[in-house]
Each structure stands twice: as C-alpha cells, then as structure tokens.
Amino acid sequence: MRIYQVALKEISKRKMRTIYTSFGIAVAVSMLISVMITASSGQKEVFNVIARYGHSLTIIPVDNKSSQSLKNFGIGTGTYIPESALPDILNVYQEAIVAGWEKLGALIFQEGTIGGSAAFPPPTFAPRLYEETIIKGKDVIVGGVNLEKELIARFWWDIAEGRFMEHDNEVIVGKLFSTHTETKVGDTLDVGNAKMLVTGILKETDSPDDYMVFTSLKTCQTIFNKQGKISMINVRAMCPKCPVGEAAVEINKKILGVRATSQMEIATAQSQIFQKTTALIVSFVVASLIISCIGVFNIIMGSIHGRMREIGLLKALGASKTQLVRFFLYEAIIIGITGGVIGFVLGSALSHIVGPILFKDIVIQVSPRFLIIAVLLGTVASVLASIYPALYASKIKVTEAFKSL
Amino acid sequence: MIEIKDIWKIYQVGDQQIEALKAVNLKIEKGSFISIVGHSGSGKTTLLSILGGLTKPSKGSVHIDGIDVWTLNDRELSALRNQKIGFIFQFSSLIPTLCAIDNVSLPVIYGNRVMKNDRKKVYEYAEELLSTLGLTHKLTAFPSELSGGQQRRVAIARAFINKPAIIVADEPTGDLDMQSENDVMEFFSRINEEYQTTFLLVTHNLALARMTDKVHSMKDGMLISANNGGSPS
C-alpha cells in the first residue's frame, strides 16, 4: 500500500464527504464547460456564417451618381465598370490573395488551393447591371445577372414559384415586387421596349433583390443599350479564411475607377462582440469556480478539524509534514478528478439545453478536449483549495492530538 | 539506551504556569522492561510523550542511542518515531477507514520502506502479529467492526510492525479482560527477550506494573522512587 492508496481508501470510505466536495467542484466546472462547449459551437456557427456571407467583396464604380431611390437600396446606376476590366480585377484579386496567404506563411500548391491540403474552388465573380425603369407604373430596378455565377454568389437564392429564367426573353421577379404589382408566373412584363415572360418568383431574401426584376446580363445590356457595361461585381471568395480585405485594398489601389469593399469587417466585428460576450460569461463562471474553491476549502478544513486525532496519530506513527501534505493533496487530486469528470458530464448535458436557446440551428460539438479541460480545472481548483488545509494539517502538533488519543 | 536529563515541562494556562514535569532524570538501558505508575496528572503520559519524541520539553534533553531527540528536524524526528519507537496509545487509535491489516501496516507505509518485493513480507508479518494476538479472523475487519479489546490488540500489533527498539505504551491493556491482558503481557515479554526490545509502560494498574522488571513512581511531575518489579508471566 502507498500513501495515495491510503488516500483512495479514505475517500472511498467517506463517500458522502467525497460526494459533497466533488459536487462543489462539479457544479462550477459544469458551468464553465457548458459555456465553453456552447461558445465553441457558437463560434463555429459564426465562422460558418462568415464563410457563407462574410468572405465576399462588392466592387462598384467609384463615380457613382445614383438616383435617390436607388441609394436607398444601396445600389446605383449611371456609372459603370467596363466588362473588359473583369480579367484585370480578377488578376489583382488573386495576386492579393496569394500574397496574403504567403504573408501568413501558408502553402499554396495550385490555383484555387490555399492554405495547405484544403482545396477551394476559384473565386466567383458575379457581375450585375442595374437599370432603372418603369414597370406597371412603378419605378423598378432591373438587374442583369449571369445566372450561373449569381447562384454561387447568392447561394441563398431560391425560387418560390415557377423556375429560373432560361431564355433571353424571360425574367424572374422578387417576392415583394410580385406582391405589390400582383405579378404572377406566366405574366408578361414590359421591360424597356421588350416583352418579357415571368418564369419565376424568388423567395424572400430580406434584401433589395425582393423589389427587383432579374433577367440575363446580356438581355439587360441589350434592352438598355449598355453593351459591355456592368454596375457592380459581387465576389464570393469560396474559401473561409481568404484574406479578402487585402484583396479589396489591392483592387482599390491598382484598378482605377472602382471601389472594392470587403464585407468581412462586419462579420469580424460580430465575431468580436461574440468573443467579448463569451469572455464576460466565462469571467462570471470563473468567479463561481473561485466560490466553489472556497466551499471546498471549508469542507476540507472542516474535515481536518474532524480528523485531528487521525492526523496526530499519523504523525506519531512517523508521517512527516511532507507526507501529510502529499496525503491531503492526493485526496484533493482524486476529488478534483471526480469533480471534473462529473462536471464534464453535467456541462455537456447543460450545453445541449442552453446552446439551442442562444443560437438557432447550433450543432453542439462535445470534443474530448473538454473532458481534459474539465479534469484539469477540477483538479487545479481542488488542489488550490486544499493547499492551505494540507499545510495546516501538517503543522498540527502531535501533542494536541495525542491528548485526545 | 534512553537517557533523560533534567526534563521540565511547563504549560502556560492563562496567567498560571503549570509544571507538568520537574527535573526528571532517567536512564533506561537497552532491553529494559520498566513501568511508570502514578496518579492521574502525575506527569506519566507527558514523560512518555517527551521521550517518544511527541512533546517537546520546556527544558532538558532526551537521548536515544546517543541521539539528542529534540535537536532533530521534522523529517529526522518522524523517521526516528517511525523506525525506533512503537507507540501504544491510551485509547483506541486506529484509522477508521483502513481495515485491521492495513492499520497494522501503516507505519511501514509512512516509513517509506515498502519496496515492491517487501510488500508481501510486510503483510505476512502484519498477519503473523495479528494472529499472535488472536485476530486471525479479523484481518480485513474495519475498526467499527471490532470490539474495544480487538481494536486495542490491532493497535498493539501496529506498534511492533517496524520491529522498533523501543515500545512506549500508555495503559496498553486498558480495554482488555484478564486473560487477554495476560496474553498481551506474555507477548511483550517474549518480544523483549527475543529482540531485546525496550519496554516502557505507563499504567495505573499495579498488578500489571509488578509484571515489569522495574517500577518507577511519579508524583506531581517528579520521579519519586524506583522498585524492582517481578518478571512478567
């Protein structure tokens, strides 16, 4: 038998005390673990959102003399980017992305393969031409799009009724346009001088698209006599961590007459707010862990006072101060590990309850590293709470205990 | 050999100083079998705890085999208590969470002397001691499952596990019936003869004291007389 085995026997025989003490640790650890699991899963959700929405650029002409009504939509007409500038912009973009990755020390194996083994498709440049016209007596913006690329850039686009346009004389309309103008699939709209068949109605997107009419880029350019011109380019990076901000800077520097804006900043700001909120919650929970430590400290001190006779006896039998400290720290470690494991189980369960309340559609991912963190936290908390009691016990005078033996 | 020189123990209780021991001098030769008798409060237990390295005297020195006990540091004093002295306390003194055989083996654990191969020998010796004291059937019993007398016998077995040179016993047969008391004294006598173990017994029981080789009397913190006892039988 070794000292740790004596401690183990002590703990196993004093089950209720062990349960109380471990539970004190477990409650705080479970709170911390549930916050960490939820935050980690939530962070992944935020990264997914960033990957989906944040890693993109909007490129518009610099001298944008948009009309008041169009400004409200954040889009403009009147100035254009020549379609012929697209390859140059793409070139500058890709060079900037590669340079950005190199700065980060990542490996680039081939075009579209960034950051080591993960392969990403090349970026999607979806050009749009906006033209203002009157349809059914209302001011409407007609958007000319390259449907194939648009469906990648705006992957949330979906058809509520009908189908996407397939021919030059076909259009789709936004949900709110359809509602306000009572337009249905199969109707014919006068767009400029052309008669266009409505083949589909978009699902609501909570964006200006809901008020617009869309046709192919080529058709739009033809109808409004804007061949070779585009109003903006939506860029989707297609890789979650591409340095698109740097690409925007390079495009603005090297391509005259355009202004590229990264939407990453907004997503990053959201992520930072999330991280700060998480840090705040964690600090509250750490405070509760400290309170738990005080509770454990009290239980252990109480236990030491109740075991004065035993401690004196152990000293009389030859236990040194170091051995007594070790004995109590072994107890603390066992209690900490037990509390950590229980805390992990409780925390995991709690995160499955709290997570979905805080984040819609969150997928709670309980990684084994949280078990390691829980056990470490429990053990450290328990040991910290036990250091003073252990030292106190080691200094108990044998005579005090000897009198009571 | 144990040599106690001019030992004083003074307790401060409020404004009062209580002299528990006054200028006690005593020489105990190796292999002696002696007892100390006296009324309650005469200083018997205090003397025992000072020479056992448990209580520091206010003045004076205790030498065991030439070592000045109270100049040792904590680790050295712990080692001395563990390896040279076997304690039998006045009342039950078992660890409640350990079974009888583990309680007996406890001093070996704290003596850091259990090598992997020795562990079996330690348990074998603990079992032998418990068997000698009539507890063969109680090896794995916990203190709560033992009677007062059985607990006392486990504590006695524990005092012998490290084969100490000195046994310090405070009312060692307090909870035992007459037959068990005789058995224990016989056991002490055998160990004393076989290993030349020094025995120092504190007791109220004059009949028990007479079984030892020499009986010292204490009164008011002083050793007042020494008489030859009889041999334990």
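Reading the values: the criteria
- Residues numbered from 1 in each chain as written.
- Chains lettered and ligands numbered in written order.
- Predicted model: local features only at pLDDT ≥ 70, side-chain atom pairs only at ≥ 80, totals over all residues.
- Heavy atoms only, no water.
- Helix = DSSP H or I, 4+ residues; strand = E, 2+ residues; numbered from the N terminus.
- Buried < 20%, exposed > 50% of the residue type's maximum accessible area, 1.4 Å probe, protein only.
- Contact = heavy atoms within 4.5 Å.
- Areas by Shrake-Rupley, 256 points an atom, 1.4 Å probe, with all protein chains shown as cover.
- Salt bridge = Lys/Arg side-chain N within 4 Å of Asp/Glu carboxyl O.
- Core = buried A, V, L, I, M, F, W, Y, C linked by side-chain atoms within 4.5 Å.
- Pairing = 2+ DSSP bridges.
- Axes fitted to C-alpha atoms, helices over the stretch in contact; angles between N-to-C directions.
- Polar contact = N/O pair within 3.5 Å; in protein donor to acceptor, adjacent residues only side chain to side chain.
- Lys, Arg positive; Asp, Glu negative; His and termini not counted.
- pLDDT = per-residue confidence, 0-100.

## Looking at the overall build of chain B
In terms of helices and strands, chain B carries seven helices and 10 strands. Looking at chain B as a whole, 55% of its 233 residues qualify as buried. Long-range contacts, defined here as pairs at least 24 residues apart, represent 67% of the contacts in chain B between residues at least 6 apart. For chain B, the computed accessible surface area is about 10200 Å², with 48% contributed by carbon and sulfur atoms.

## Overview of the pattern of salt bridges
Residue and element names in this part refer to chain A. Under the defined criterion, the tally for this structure stands at 14 salt bridges over all chains. Residue Arg154 is joined to Glu150 by a salt bridge in which the shortest nitrogen-to-oxygen separation is 3.5 Å. Grouping residues by exposure puts Arg154 and Glu150 together as buried.

## Section: the nonpolar core
Formed by 75 residues in total, the largest nonpolar core has its most connected members in Ile4, Val62, Ile64, Leu106 and Tyr110 of chain B. Core analysis: the next-biggest nonpolar cluster, separate from the first, contains 40 residues, Ala85, Val142, Val191 and Ala260 of chain A among them.

## Details of the sheet that holds strand E1 (residues 2-13) of chain B
All names here are of chain B. Pairing is antiparallel across the open sheet formed by four strands, whose spatial order is E2-E1-E4-E5. Unpaired on one side and paired on the other, strand E2 (16-28) and strand E5 (67-68) mark the two borders of the sheet. Taken together, the five bridges between E1 and strand E4 (residues 59-64) define a ladder with antiparallel strand orientation. The residue bridging Ile2 from the neighbouring strand is Ile64, located in E4. Against the sheet, helix H1 (residues 44-51) contacts E1, E2 and E4, and its axis sits at roughly 120° relative to E1.

## A few points about the interface of chain A and chain B
Tallying the contact residues gives 25 residues for chain A and 30 residues for chain B. For the pair chain A and chain B, the number of links is zero salt bridges. Linking chain A with chain B are three residue pairs in polar contact (both at pLDDT 80 or more). Going through the elements one at a time, helix H1 (3-13), helix H10 (308-316), helix H11 (321-358) and helix H13 (398-404) of chain A are the ones with two or more residues in the side of chain A that touches chain B.

## Here we look at unusual backbone geometry
Residue and element names in this part refer to chain B. Residues other than glycine seldom take positive phi values, yet Asp65 does so here, at roughly 50°. Mapped onto the secondary structure, Asp65 falls in the loop between E4 and E5. A positive phi angle, near 50°, is found at Asp220, a position not held by glycine.

## A look at the pairing of E4 of chain B
All names here are of chain B. Bridge count for E4 against E5 is two bridges, and the pairing is antiparallel. Opposite His63, over in E5, you have Asp68 as the bridge partner. Between E4 and the antiparallel strand that follows it, E5, lie two residues; Asp65 among them carries a positive phi value of about 50°.

## Examining the side chain of Lys315 of chain A
By the element assignment, Lys315 of chain A lies in helix H10. Buried within the structure, Lys315 of chain A lacks any salt-bridge partner; Asp74 of chain B is the closest side chain of opposite charge, at an N-O distance of 4.9 Å. Among the polar contacts listed, one links the side chain of Lys315 of chain A to the backbone oxygen of Ser394 of chain A, at a separation of 2.6 Å. Side-chain polar atoms of Lys315 of chain A contact the backbone oxygen of Ile396 of chain A, separated by 3.0 Å. If we ignore the near neighbours within four places in the chain, the residues touching Lys315 of chain A are Lys321, Leu324, Ser394, Lys395, Ile396 and Val398 of chain A together with Arg81 of chain B.

## As for the environment of Met165 of chain A
Residues and elements named next belong to chain A. Note on placement: Met165 falls in the loop between strand E7 (159-162) and strand E8 (170-173). Along the primary structure Met165 and Leu147 are separated by 18 residues, whereas in three dimensions their C-alpha atoms are 8.3 Å apart. Ignoring any residue separated from it by four or fewer positions in sequence, one finds Met165 in contact with Val145, Leu147, Glu170, Val171, Ile172, Thr199, Phe214, Thr215 and Ser216.

## Regarding the confidence of the model for chain B
Residues and elements named next belong to chain B. Within chain B, residue pLDDT values average 85, and 94% of them lie at 70 or more. Here strand E10 (residues 222-228) stands out as the least confident element of chain B, with mean pLDDT 76; E4 is the most confident, with 92. Confidence estimates for the predicted assembly give a pTM of 0.62 and an ipTM of 0.81.

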